[in-house]
Amino acid sequence: MAARGKVAAFNLPPLPTVGEIIKLFRLQAQKQLSQNFLLDLRLTDKIVRQAGKLKNAHVCEVGPGPGGITRSILNADVEQLLLVEKDPRFIPGLQMLSEAAPGKVRIVHGDILTFKMEKAFPKHLKKNWEDEPPNIHIIGNLPFSVSTPLIIKWLENVSKKNGPFIYGRTQMTLTFQKEVAERLTANTGGKQRSRLSIMSQHLCTVENRFVIPGQAFVPKPEVDVAVVHFTPLVQPKIQQPFELVEKVVRSAFQFRRKHCFRGIETLFPESERLKKTEELMMAADVDPTLRPFQLSMSHFRNLCNTYRKMCEEDPSLFAYNYREELKQKKRQHLPKSTSQTEQTEEEH
């Protein structure tokens, strides 16, 4: 019995196990949707603990599936839990959890990539960007097929302070393939340093919290999984529009094993490529013989700031698309240049 004057902590009533739910509703992970179920509630509890204190918090869980992490979130005594699930097969099992936690759960059958997060939470939870993060969390065991496009989308939302970040610096605790998590958190010079490293770290504090071995999932994936925590920064490390930063960073990593100027020069039309690239590298004080993964955040900040000035002087520059120029040259049957025949190594 709760002590006088205190509200008892919420605990779910006895329920079928996650494994029993899977059998009851005949659920099978679909390989084409890269689904993998986590049945060990000790691990789901550990994932949820990485989000921090969730008592009275408002949480959105992405892709709850059979509801393993969902149970751990509810047992953390949250105020409200929003479940966004694309696969209709999981809805009956989630409704069972909703009924076990009256008034706490809202289920949305939809795609998180198109779901309007601006209206997901009550307005009174909004905080100023400079304040502490709001009592709102996004948690999810993401399917491998959507994890990278989804985090890029949310990083753009962070940059523009919209989507789930209209409420302030909303924190995220998400799973990724171990290799993707290593890219997200890689330091300058690390072999996994990539476009994802720069785009995430210039906007957020990114922490690789722990690794879950593949055999913990059903069915077992071919790779291990890592839990990554994101907290948006008050001030981005590169204070330029998201589209400009992404264009510069994507270009730089296009030929990741070559000197960085090879990727940077794809920012400019062929007619002025050499001159403009030299101008950019010199003004940004970047050694053109460094490899892309050797470039620091300050290098990328200087490159983006200088490229912005060049675009202001020549507004047509930002609209230039290297790949479109290649396509046009192929259509015109022009002799192949070095830049055409060279295999790009851009990450996807």
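What counts and what doesn't
- Residues numbered from 1 in each chain as written.
- Predicted model: local features only at pLDDT ≥ 70, side-chain atom pairs only at ≥ 80, totals over all residues.
- Heavy atoms only, no water.
- UniProt positions renumbered as here; feature names shortened; annotations may be inferred.
- Contact = heavy atoms within 4.5 Å.
- Helix = DSSP H or I, 4+ residues; strand = E, 2+ residues; numbered from the N terminus.
- Patch = residues over 30% accessible without salt bridge, like charges linked within 9 Å, V, L, I, M, F, W, Y side chains within 5 Å.
- Areas by Shrake-Rupley, 256 points an atom, 1.4 Å probe, with all protein chains shown as cover.
- Salt bridge = Lys/Arg side-chain N within 4 Å of Asp/Glu carboxyl O.
- Lys, Arg positive; Asp, Glu negative; His and termini not counted.
- Charge placed at Lys NZ, Arg CZ, Asp CG, Glu CD.
- Expected span 1.5 Å × (residues − 1).
- Buried < 20%, exposed > 50% of the residue type's maximum accessible area, 1.4 Å probe, protein only.
- Core = buried A, V, L, I, M, F, W, Y, C linked by side-chain atoms within 4.5 Å.
- Domains from an automatic or database assignment.

A. Broad picture of the UniProt feature "binding site: S-adenosyl-L-methionine" (unreviewed entry) in the protein chain. In this numbering, the UniProt entry assigns the feature "binding site: S-adenosyl-L-methionine" (unreviewed entry) to Asn36, Leu38, Gly63, Glu85, Asp111 and Asn141. Those residues in contact with Asn36 that sit more than four places away from it in its chain are Asn141, Phe144, Phe217, Val218, Pro219, Lys220 and Pro221. As for its position among the elements, Glu85 is in strand S3 (residues 80-85). Not counting residues within four places of it along the chain, the set of residues in contact with Glu85 comprises Gly63, Pro64, Gly65, Phe90, Ile91, Leu94, Val108, His109 and Gly110.

B. Main features of a positive patch on the surface. Taken together, the side chains of Lys116, Lys119, Lys123 and Lys126 present a region of like positive charge at the surface. Along the chain, Lys119 falls in the loop between strand S4 (105-109) and strand S5 (136-140).

C. Representation of helix H5 (residues 144-160) in the model. Taking 1.5 Å of rise per residue, 17 residues should cover 24 Å, and H5 covers 25 Å from first to last C-alpha, within 8% of that figure. In the stretch just after H5, Lys161 is the one whose phi turns positive, near 55°.

D. Representation of unusual backbone geometry. The backbone of Asn56 sits at a positive phi, close to 65°, despite the residue not being glycine. Considering the arrangement of structural elements, one finds Asn56 in the loop between helix H2 (41-49) and strand S2 (58-62). The phi torsion at Asp77 lies on the positive side, around 70°, for a residue other than glycine. Residue class for Asp77 comes out buried when judged on its relative accessible area of 11%.

E. Focus on the nonpolar core. With 64 residues, the main nonpolar core has Trp154, Leu174, Phe176, Phe230, Phe300, Leu303 and Tyr307 as its most contacted residues. In terms of residues, this core owes the most to one element, helix H11 (residues 297-313), which gives 7 residues. If you count residues domain by domain, this core takes at least three from each of domain 1 (26-232) and domain 2 (242-332). For Phe176, the contacting residues outside a window of four places in its chain are Leu142, Phe144, Ser147, Ile151, Ala181, Leu184, Asp224, Val225, Ala226, Val228 and Phe230. Counting 30 residues, the second largest nonpolar core, distinct from the first, contains Phe37, Val78, Ala100 and Val225.

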